[in-house]
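One-letter residues, chain by chain:
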Amino acid sequence: VSLEAFASGSDRCLHPQNCWSGYAISKRLAEAVLWHADATGLVPSLAVVRPGYISACSHTGASNRSDYMSRFIKGCCDLGQMYTSDEATCEMTPVEYVATAVAAALQQLLSSSHPSGVTYNVCDTFRTLSLAKLCKHLELEPVTSWSRWVRILKDNVNEDSPLFPLLPLLTKRSFVFSVAHDVDTSSTETLLSQSPRMHPVNKEVLDRVRKFLSKDNMSK
């Protein structure tokens, strides 16, 4: 299981510019090792699953309360405000969709007819959730000025806030999620042709996420 960020178009290349953290670097190196092993015949069969940003269950709103996205959503809801951008996308791939894809890929891998070296990019193919739309769905006050956003964080976020561990990231312009890019998900769509389609992350889903996060104290 790797990262969708390494996908580009229909190829399976790994892009160093997408390695923004130690975690991403470790995934990139793991893929490189496995592709080499596959090319030299050291593994009998290989399938790589590249999930996008794994988010809450679209049916229940349940999620990892300590991850970046959960803290960002809960913290902004507490503030009643969110920095917005029409260009930056908030890619959210529901966990149940990723789990279904991983299970299906494993089942295919174990079948005798499965070709080796298949890549499954599992991500939000809707690509429509900008930060501005996320803010609107959550019914928060949009903050369009970067300097004002930083000032709001510095004035209001303390150790009891879910945003506190994220401050080093949130006060940098580069924190804002990536711009949408084209990803070939055709192999995943074929794999899951008999499974329910992914539910888009819309206001209904985000209401469930917000309700789930509100049940827990998400301070440090």
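Treat the numbers as computed from the prediction; the structure is a model and nothing was measured.

Observations concerning helix H2 (residues 68-79)
- Between the first and last C-alpha of H2 there are 16 Å, a value that for 12 residues agrees with the 16 Å anticipated at 1.5 Å per step.
- Of all 12 residues that make up H2, 10 are buried, and the element is covered over most of its length.
- Buried residues of H2: Tyr68, Met69, Ser70, Arg71, Phe72, Ile73, Lys74, Gly75, Cys76 and Cys77, and no others.
- In the core, the buried residues of H2 are packed alongside strand S3 (81-83), helix H4 (131-137), helix H5 (146-156), helix H6 (167-170) and helix H8 (203-213).

Section: empty space enclosed by the protein
- Counted under the stated rule, the structure contains 1 cavity of 30 Å³ or more.
- Volume-wise, the largest cavity comes out at about 50 Å³.
- Along the walls of the largest cavity sit Ile54, Ser55, Ala56, Ser63, Asp67, Met69, Ser70, Ile73, Met92 and Val209, which together make up its complete lining.
- Take the lining of the largest cavity: its biggest share by element is 3 residues, from H2.
- In terms of residue class, the lining of the largest cavity is made up of 6 nonpolar, 3 polar and 1 charged.

What to know about the environment of Cys77
- Relative to the helices and strands, Cys77 is located in helix H2.
- Between the C-alpha atom of Cys77 and that of Glu139, which follows or precedes it by 62 residues, the distance is 8.7 Å.
- Residues within four places of Cys77 in sequence aside, it is in contact with Leu138, Leu140 and Arg210.

Quick look at the environment of Cys135
- In this fold, Cys135 is placed in helix H4.
- Judged by relative accessible area, Cys135 falls into the buried class, the value being 2%.
- Considered as a pair, Cys135 and Met82 are 53 residues apart in the sequence and their alpha carbons are 6.1 Å apart.
- Excluding residues within four positions of it along the chain, Cys135 makes contact with Met82, Thr84, Leu140, Glu141 and Pro142.

Let's talk about the pattern of salt bridges
- Across all of its chains, the model carries 6 salt bridges by this definition.
- As a salt-bridge pair, Arg50 and Glu31 come within 2.9 Å of each other at their nearest N and O atoms. Remark: Glu31 occurs in helix H1 (residues 22-39) and Arg50 occurs in strand S1 (residues 47-51); sequence separation between them is 19 residues. In terms of burial, Arg50 and Glu31 fall into one category: buried.

Concerning the side chain of Ser130
- Positionally, Ser130 belongs in the loop between strand S5 (118-122) and H4.
- Taking the relative accessible area as the measure of exposure, Ser130 reaches 11% and is therefore buried.
- In contact with Ser130, other than residues within four places in its own chain, are Ser85, Asp86, Ala88, Thr89 and Cys90.

Focus: H5
- Among the residues of H5, Trp146, Trp149, Val150, Ile152 and Leu153 are the ones counted as buried. Looking straight down H5, one finds that the buried residues subtend no more than 155° of arc, so they occupy a single side. H5 presents Lys154 and Asp155 as exposed residues on the side facing more than 90 degrees away from its buried surface.
- For H5, the secondary structure elements touched by its buried residues are H2, S3, strand S6 (141-143) and H6.

As for the nonpolar core
- Ranked by size, the top nonpolar core spans 35 residues in total, and within it Phe72, Ile73, Met82, Met92, Leu134, Leu138 and Trp149 carry the most contacts.
- Listing elements by their share of this core, those giving two or more residues are H2, S3, H4, H5, H6 and H8.
- Here this core gets 6 residues from one element, more than from any other, and that element is H2.
- Once you skip the residues sitting within four places of it in the chain, Ile73 turns out to touch Met92, Leu138, Leu206, Val209 and Leu213.
- The next biggest cluster of nonpolar side chains, apart from the first, holds 12 residues, and it includes Ala104, Leu191, Leu192 and Met198.

Here is what the cut-offs are and how they apply
Residues numbered from 1 in each chain as written. Predicted model: local features only at pLDDT ≥ 70, side-chain atom pairs only at ≥ 80, totals over all residues. Heavy atoms only, no water. Helix = DSSP H or I, 4+ residues; strand = E, 2+ residues; numbered from the N terminus. Expected span 1.5 Å × (residues − 1). Buried < 20%, exposed > 50% of the residue type's maximum accessible area, 1.4 Å probe, protein only. Contact = heavy atoms within 4.5 Å. 1 Å grid on protein atoms, 1.4 Å probe; cavity = no way out; pocket = protein on both sides within 12 Å on 5 of 7 lines; lining within 4 Å. Points joined across faces, edges and corners; volume = space filled by probe spheres on them. Nonpolar A, V, L, I, M, F, W, Y, C, P; charged D, E, K, R; others polar. Salt bridge = Lys/Arg side-chain N within 4 Å of Asp/Glu carboxyl O. Arc of directions from axis to C-beta. Core = buried A, V, L, I, M, F, W, Y, C linked by side-chain atoms within 4.5 Å.

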